2 protein chains.
Amino acid sequence: MSLSMSSASLPVLQTMLNNLSHILAKGQAFAEARKIDPTALLQYRMAPDMLPFTRQIQIACDMSKLGVARIAGVEAPKFDDNEASFADLRGRIQKTLDWLATVPAAQIDGTEDKEITFPVGREATRTMKGEAYLKHWVLPNVFFHVTTAYLILRHNGVELGKADYLAGAQA
Amino acid sequence: MSLSMSSASLPVLQTMLNNLSHILAKGQAFAEARKIDPTALLQYRMAPDMLPFTRQIQIACDMSKLGVARIAGVEAPKFDDNEASFADLRGRIQKTLDWLATVPAAQIDGTEDKEITFPVGREATRTMKGEAYLKHWVLPNVFFHVTTAYLILRHNGVELGKADYLAGAQA
């Protein structure tokens, strides 16, 4: 085994998305057991000017999908941002995982020095080499949004532990 | 440029620790400007059974330090967990960065299949191969604790944005 652009990206993203889905399942079960309106969790923000829970999941999915698509030079499917429940959001994660599984590792490998230009905010773009884009943009962003989703649920009383974040359903 | 165990670890950890130090500087300035007792932030927990801010920083440092030490097969320095201020915590980060800079890349490279046994909790150990340990343990943990520290400050009113998390003082 040796590190490559595919082995440094796909398994990490897939593991974290699977763990995120597991974390959402716990959030859903918590809301059902307590008869809590799920919207209270789905729209919760860690700060008034931060994005709500639902957007954290959408962005974790899109950063994984678009990150790999840009590195591999393939087209990613477009998903509408219309999820309104934990089940919808878990569906979004599954669609993302299903698509990631179709990207051949060979298409991702050897892209360390490939220049990748991507949008930043609404008007700017940024260009990074493939390896830096993966290590300093895609991975930090995906981990950020998975952790934020975890903390929103944790902060609201869902019983979660580090094992849920690190190992998900395999914990 | 091609991916290796050193290039997939050191620059990622170093970048995130530098960004964390920058985030702490913003937290410190916020507390000073508002005449807030820094302890209110340093001891803040996202949930009553989560670790406080100070521990998030200590663990981000130690996971970086011990992760690299175990992968490289070198001894890491021991730091006492006695930080009582933002400045102390930034010092801990700097000591960690100073030590990471002394670990030769060649000592880290080629360890993809090396078996690494590490403590989990107080009584158990776990064994993973070097590549999996880096990708599925060290990096997810470091990102988790950096993000948690960021969110604790953000949740408490410190003006932080994604650029602080991704690029720190270079933003």
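Computed from a prediction, not measured in an experiment: that's the story for all the values here.

Conventions and cut-offs
- Residues numbered from 1 in each chain as written.
- Chains lettered and ligands numbered in written order.
- Predicted model: local features only at pLDDT ≥ 70, side-chain atom pairs only at ≥ 80, totals over all residues.
- Heavy atoms only, no water.
- Core = buried A, V, L, I, M, F, W, Y, C linked by side-chain atoms within 4.5 Å.
- Buried < 20%, exposed > 50% of the residue type's maximum accessible area, 1.4 Å probe, protein only.
- Contact = heavy atoms within 4.5 Å.
- Helix = DSSP H or I, 4+ residues; strand = E, 2+ residues; numbered from the N terminus.
- Expected span 1.5 Å × (residues − 1).
- Bend = angle between axes of the 7 residues up to and from the residue.
- Salt bridge = Lys/Arg side-chain N within 4 Å of Asp/Glu carboxyl O.
- Nonpolar A, V, L, I, M, F, W, Y, C, P; charged D, E, K, R; others polar.
- Least-squares fit on C-alpha atoms with pLDDT ≥ 70 in both.

*Asks:* What's the story with the nonpolar core in this structure? I'm lost.
*Replies:* Generally speaking, nonpolar side chains in soluble globular proteins are found buried as a group. The biggest cluster of nonpolar side chains holds 114 residues, and the ones touching the most others in it are A:Leu20, A:Phe53, B:Leu20 and B:Phe53. Dropping the residues within four chain positions of it, B:Leu20 is found in contact with B:Ile57, B:Ala60, B:Ile93, B:Val146 and B:Ala149.

*Asks:* Where do I start with helix H6 (residues 130-155) of chain A in this structure?
*Replies:* Residues and elements named next belong to chain A. Over its 26 residues, H6 extends 35 Å from the first C-alpha to the last, a length consistent with the 38 Å expected when each residue adds 1.5 Å. Approximately 30° is the largest bend angle found in H6, and it occurs at valine 138, with the proline proline 140 only one to four residues beyond. Of all 26 residues in H6, 23 are buried; the element is thus mostly enclosed. Note on H6: the residue one or two positions beyond its end, glycine 157, has a positive phi of about 105°.

*Asks:* I tried to follow the interface of chain A and chain B on my own but got confused; where do I start?
*Replies:* Buried accessible area, meaning the area lost when the parts come together, often serves as the stated size of an interface. Every contact between the two is made by 35 residues of chain A and, on the other side, 35 residues of chain B. Our count for the contact surface shared by chain A and chain B stands at 2 salt bridges. For A:Arg154, the salt bridge is made with B:Asp49, and the minimal N-O distance between the two is 2.8 Å. Looking at the side of chain A that touches chain B, the elements with two or more residues in it are helix H1 (10-34), H6 and helix H7 (162-167) of chain A. A per-class count over the side of chain A that touches chain B returns 18 nonpolar, 10 polar and 7 charged.

*Asks:* I keep staring at the relation of the copies chain A and chain B and nothing clicks. Help me out?
*Replies:* Superposing the two chain copies requires a rotation about an axis and a translation along that axis. Overlaying chain A on chain B yields an RMSD of 0.0 Å, the required transformation being a rotation through 180° with an accompanying axial translation of 0.0 Å. Taken together, the rotation angle and the small translation identify this as a two-fold axis. Taken as a fraction of all interface residues of chain A, those also at the interface in chain B reach 100%, which identifies the copy contact as same-surface.

*Asks:* How do you make sense of the environment of B:Val120 when you look at a structure like this?
*Replies:* All names here are of chain B. By secondary structure assignment, the location of valine 120 is in strand E1 (residues 115-120). Residue valine 120 is classed as partly exposed on the basis of its relative accessible area of 29%. Between the alpha carbons of valine 120 and leucine 166 there is a distance of 29 Å; along the sequence they are 46 residues apart. In contact with valine 120, other than residues within four places in its own chain, are Thr125, Arg126 and Trp137.

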